[in-house]
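# Analysis of the macromolecular model
Given next are the chains, with one letter for each unit.
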Amino acid sequence: MKYAAKKLLTLLVTMLIVSFLAFFAFSLVSGDAAIAQLGTEATPERVAALRAELGLDRPLLVRYGEWLSGAVTGDFGVSAHYQVPVSSLLAPRLPVTLCLSLMSFLIIAAVSIPMGVRSIRYEGRTGRGSRAFAALRTVLNQLFMAFPPFFSSILISWVFGILLHWFQPQGNFPAFSEDPGGFFWYLLFPAVSIAIPRVAMTVRMLRSTLLGEMNRDYVRTAISRGNDRKGVLRRHVLKNAMAPVVAFLAQTMAEVIAGSIVVEQVFGVPGLGRLLLGSIGYRDWTVVEAIIVILALWVVLSNTVGDLIAQRIDPRLRLGGDGE
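Residues numbered from 1 in each chain as written. Predicted model: local features only at pLDDT ≥ 70, side-chain atom pairs only at ≥ 80, totals over all residues. Heavy atoms only, no water.

## Here we look at the overall build of the protein
Worth spelling out the cut-off: Strands here mean DSSP runs of E at least two residues long; helices mean DSSP runs of H or I at least four residues long; both are numbered from the N terminus. Throughout, exposure labels follow a simple rule: accessible area from a 1.4 Å probe, protein chains only, divided by the maximum for the residue type, with under 20% read as buried, over 50% as exposed, and the rest as partly exposed. Here, residues are in contact when the closest pair of their heavy atoms is within 4.5 Å. Under the convention used here, a 1.4 Å probe and the Shrake-Rupley method define accessible areas, while residue burial counts only the protein chains that appear.
Along its length, the protein carries 13 helices and zero strands. Reading the protein from its N terminus to its C terminus gives the helix and strand order α-α-α-α-α-α-α-α-α-α-α-α-α. Residues classed as buried in the protein amount to 39% of the 324 residues present. Within the protein, contacts between residues separated by at least 24 positions form 72% of all contacts whose residues are at least 6 apart in sequence. Put simply, the protein shows about 17900 Å² of open surface, and 65% of that area lies on carbon and sulfur atoms.

## A word on the side chain of Asn141
Structurally, the position occupied by Asn141 is in helix H7 (residues 128-145). Accessibility expressed as a relative area gives 14% for Asn141, which makes it buried. With sequence-adjacent residues up to four places away left out, Asn141 is seen in contact with Ala200, Val203 and Arg204.

## Brief notes about a positive patch on the surface
Our working definition: Each patch is built from salt-bridge-free residues with over 30% relative accessible area, joining like charges within 9 Å and nonpolar side chains (Val, Leu, Ile, Met, Phe, Trp, Tyr) within 5 Å. Salt bridge, as applied in this entry: a Lys or Arg side-chain nitrogen positioned within 4 Å of an Asp or Glu carboxyl oxygen. We score Asp and Glu as negative and Lys and Arg as positive, and we do not count His or the chain ends. Think of each charge as sitting on NZ of Lys, CZ of Arg, CG of Asp or CD of Glu.
The grouping of Arg118, Lys230, Arg234 and Arg235 at the surface amounts to a positive patch. Examining the composition of the positive patch, we find that three residues originate from one element, helix H11 (residues 229-267), more than from any other. Inspection of the secondary structure puts Arg118 in helix H6 (residues 94-121).

Shown next as structure tokens:
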């Protein structure tokens with residue numbers, strides 16, 4: 001329990017630092033909001049009155065405290081461009097991005113783990129066919145790792161959208177409330193685009209970890225005593241190798257949401273990515289700040305959950321050897 005409490009405390013401190021840095025940075029970038037609204041020809045009296053109305057005449061820490069208390073309850077202020085509460089802009093878009101990220105992660109885990117385990121079963125075979133298969137596997141793995149999500153998004157849109165007409169690229173995105181099946185079907189294609197390079201990276205990482213574990217003394221001893229290699233791999237090696245794999249998958253979970261920002265633009269998905277890029281173009285820093293804090297929370301939370309799961313798999317990972 002001490003390990004979990006430390007991780008939770010670290011999460012809270014990290015988010016506090018990230019939120020303050022974001023608030024401080026965008027306070028500098030946005031400049032004087034009163035002058036931006038009134039123009040440079042406004043009288044000093046009007047500027048001072050608007051600054052007081054907007055609360056800009058108060059110290060930075062006071063304004064940050066008010067913003068933080070509102071952000072905890074979901075109130076991120078009012079958008080300067082859209083003139084509506086930021087929370088009303090985030091509410092319909094956040095679930096779309098989260099669904100896209102979760103689908104990408106599920107594809108990565110469901111494909112890469114079986115592929116990584118299967119690739120290790122035939123390690124050490126010296127036949128011509130085995131060597132050719134190993135060479136082909138290496139080439140394909142390197143090729144897919146080199147695919148950036150935006151490039152695979154363009155290919156998938158062209159093949160499955162334009163040629164095969166399986167979906168309408170940049171078409172009307174189906175709302176979940178109206179067409180749940182169409183909603184997930186449309187998200188499947190951008191999810192695959194995000195997952196392709198991460199699947200290749202995860203397979204390579206899992207394969208390397210399993211190979212290192214297979215060379216340990218306890219594995220060689222178990223096999224020399226007549227145990228089946230496949231059974232040893234399934235019962236012992238895979239469990240002992242899963243801790244670093246879980247940590248890597250947690251990092252992957254944190255990174256897929258960053259990949260969704262560009263992919264949403266290619267597929268026309270109305271998620272946080274499109275709102276973020278649009279708000280940057282409009283210099284709507286209130287919206288940008290809120291999205292950055294949400295993305296940071298996703299990243300920190302993913303890594304924290306990954307560390308807790310890895311610690312459950314391998315208790316030796318507890319910091320300082322704390323017991324429960």
